[in-house]
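# Topology and contacts: notes
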Amino acid sequence: MTAIPGLPALPDAEPAELTGIRIGYARVSTGGQKLDRQTDALTAAGCRRIFADKKSGRDTDRAELRAALEFLQPGDIFVVPALDRLSRSLADLITTVADLRRRGVGFTSLHEALDTTTPGGRLVFHVFAALAEFIRELIVSGTREGLAAARERGRTGGRPTVVTPGIIRAARDMLPNPGHSITSIAKLLGVSPGTLYNHIPDLRELRRAAVPRRALPADTRPGLPSVAAYDDLLPSQRTGQS
């Protein structure tokens, strides 16, 4: 073990038994960019095989990176020209390197001269991991403080609501009418059906209170004239006349 004042003891260099096999990985963001400079550097570093992607560093679906990681065996060393060729996210970078370490695979970045097979190289990644956790905690703490301050001012998070008291009143007036569906009412008022359910707690009760409209009997419908005065005009009546 190597002890450093103020820090936990660092384990011996990993992997304990090196195979001497170096596997390289290169990446460019677009098809128009050239990989030559990166592959030349990896070849000069002694890489026996080089995998290369032409995709953005933020793209998680990188077939050649996946193939390279699967190809590695315990004791191998994974080599990249620079840290940003492997990932543009500090969290993803730390996760990948930590996974390699658990598998007994070393990691080297040529540009930054980082080598996790040495205590110094692992120390750098310990610092990276601590920094990533520190940043995450700062973000979480800042978010919580911002929400608390907003609540004290009477504001809450989320999108501003489009519902007004007038919309609620209009919806409540229309809900008992069975001729209007909830979807049609919501569309008419410019909101979603879910919004009506959220803002009208007794919506279902209002719908159940609706009375279906029934047709009145034919002889009791108001406003219809009597046909008795026109019986003499019917064909059956005219036929019987002399």
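Every chain begins its residue count from 1, and numbering advances along the sequence as written. Under the rules for a predicted model, residues below a pLDDT of 70 receive no local features and side-chain atom pairs below 80 are neither given nor counted, while totals for whole chains, interfaces and linings still include all residues. Processing note: side-chain calculations cover all non-hydrogen atoms of the structure and skip hydrogens and water entirely.

### Remarks on the sheet that holds strand β5 (residues 77–80)
Strand order across the open sheet formed by 5 strands is β4-β3-β5-β6-β7, with mixed pairing between neighbours. Each edge of the sheet is formed by a strand with only one pairing partner; in this case those strands are β4 (47–54) and β7 (114–115). Only strands that DSSP links by at least two bridges are regarded as paired with each other. Elements are defined by DSSP. Helices are runs of H or I of four residues or more, strands are runs of E of two residues or more, and each kind is numbered from the N terminus. Alignment of strand β3 (residues 22–28) against β5, held across 3 bridges, turns out to be parallel. Residue pairing in the sheet places G24 in a bridge with V79 of β5.

### A closer look at the side chain of R27
Inspection of the secondary structure assignment puts R27 in strand β3. Buried means the residue's accessible area, taken with a 1.4 Å probe over protein chains only, is under 20% of the maximum for its type, while exposed means over 50%, and partly exposed covers the values in between. When charges are counted, Lys and Arg are positive and Asp and Glu negative, with His and the chain ends excluded. When a carboxyl oxygen of Asp or Glu is within 4 Å of a side-chain nitrogen of Lys or Arg, the pair counts as a salt bridge. No salt bridge forms around the buried R27; measuring N to O, its nearest opposite-charge neighbour D84 is 5.5 Å away. Side-chain atoms alone can form a polar contact between residues adjacent in sequence; in general such a contact is a pair of N or O atoms within 3.5 Å, and within protein one must be able to donate a hydrogen while the other accepts it. A polar contact of 3.4 Å, which involves the side chain of R27, links it to the side chain of S29.

### Here's the deal with the confidence of the model for the protein chain
Model confidence for the protein chain is summarised by a mean pLDDT of 78, while 76% of its residues fall at 70 or above. By mean pLDDT, the top-scoring element of the protein chain is β5 (96), and the lowest-scoring one is strand β2 (residues 7–10) (42). Long-range and interchain partners of residues 1–13, a stretch whose pLDDT sits below 50, account for 21 contacts in this model, where long-range means more than four residues apart. Note on residues 237–242: pLDDT under 50 across the span, and 4 contacts to partners over four residues away in sequence or across chains. Per-residue confidence from the predictor is given as pLDDT, running between 0 and 100. Any two residues having at least one pair of non-hydrogen atoms within 4.5 Å are treated as being in contact.

### Focus on the nonpolar core
What makes a nonpolar core is a set of buried Ala, Val, Leu, Ile, Met, Phe, Trp, Tyr and Cys residues whose side-chain atoms join them at distances within 4.5 Å. F78, L86, F107 and F125 are the most contacted members of the largest nonpolar core, which has 17 residues in total. For this core, the elements supplying multiple residues, two or more each, are β3, α2 (63–71), β5, α3 (83–86) and α4 (90–102). It is α4 that provides the largest number of residues to this core, a total of 3 residues. The contacts of F107, once residues within four sequence positions are left out, are I77, F78, V80, L83, L86, V97, L100, L114, D115, T116 and F125. Counting 15 residues, the second largest nonpolar core, distinct from the first, contains V163, I167, L196 and L203.

### Quick notes on the pairing of strand β6 (residues 106–109)
Residues of β6 alternate between two faces, with G106 and T108 on one and F107 and S109 on the opposite face, all of them buried. Pairing geometry for β5 and β6, over 4 bridges, is parallel. Bridge assignment links I77 to a residue of β6, and that residue is G106. Pairing analysis gives 2 bridges linking β6 to β7, with the strands arranged antiparallel. Looking across to β7, one finds that S109 is bridged to L114. Here β6 folds back onto β7 in antiparallel fashion, the turn holding 4 residues, of which A113 has a positive phi close to 55°.

### Side note on the packing of helix α6 (residues 165–174) against helix α7 (residues 182–189)
Put simply, α6 and α7 touch, their axes get as near as 10 Å, and they point 150° apart. Comparing the axis directions of α6 and α7 gives the class roughly antiparallel. The handedness of the crossing between α6 and α7 comes out as right-handed. Contacts between α6 and α7 pair I167, A170, A171 and M174 from the former with I185, L188 and L189 from the latter. Basically, the charged four are Asp, Glu, Lys and Arg, the nonpolar ten are Ala, Val, Leu, Ile, Met, Phe, Trp, Tyr, Cys and Pro, and anything else, Gly included, counts as polar. When its residues are assigned to classes, the contact of α6 with α7 shows 7 nonpolar, no polar and no charged. Throughout, an axis means a line fitted to C-alpha atoms (over the contacting stretch in the case of helices), and angles, computed between N-to-C directions, take values from 0 to 180 degrees. Our angle categories are set so that under 35 degrees counts as roughly parallel, over 145 as roughly antiparallel, 65 to 115 as roughly perpendicular, and the remainder as oblique. For any pair of crossing helices, the crossing counts as left-handed if the nearer helix is rotated counterclockwise from the farther one by less than a right angle, and right-handed if it is rotated clockwise.

### Considerations on the packing of α4 against helix α5 (residues 119–152)
Angle between the axes and distance between the axes are the two parameters that describe a pair of packed helices. At their nearest, the axes of α4 and α5 sit 10 Å apart, and the two run at 135° to each other. The pairing of α4 with α5 is recorded here as oblique in orientation. For the pair α4 and α5, the crossing hand works out as left-handed. Judged by residue contacts, L90, L93, I94, V97 and R101 of α4 engage R122, F125, H126, F128, A129 and A132 from α5.

### So, the environment of Y25
Mapping Y25 onto the fold places it in strand β3. Separated by 28 residues in sequence, Y25 and D53 place their C-alpha atoms 8.1 Å apart. In contact with Y25, not counting residues within four places along its chain, are L42, F51, D53, R62, E64, L65, F78, V79, V80, P81, R85 and L86. Separated by 2.8 Å, the side chains of Y25 and D53 make a polar contact.

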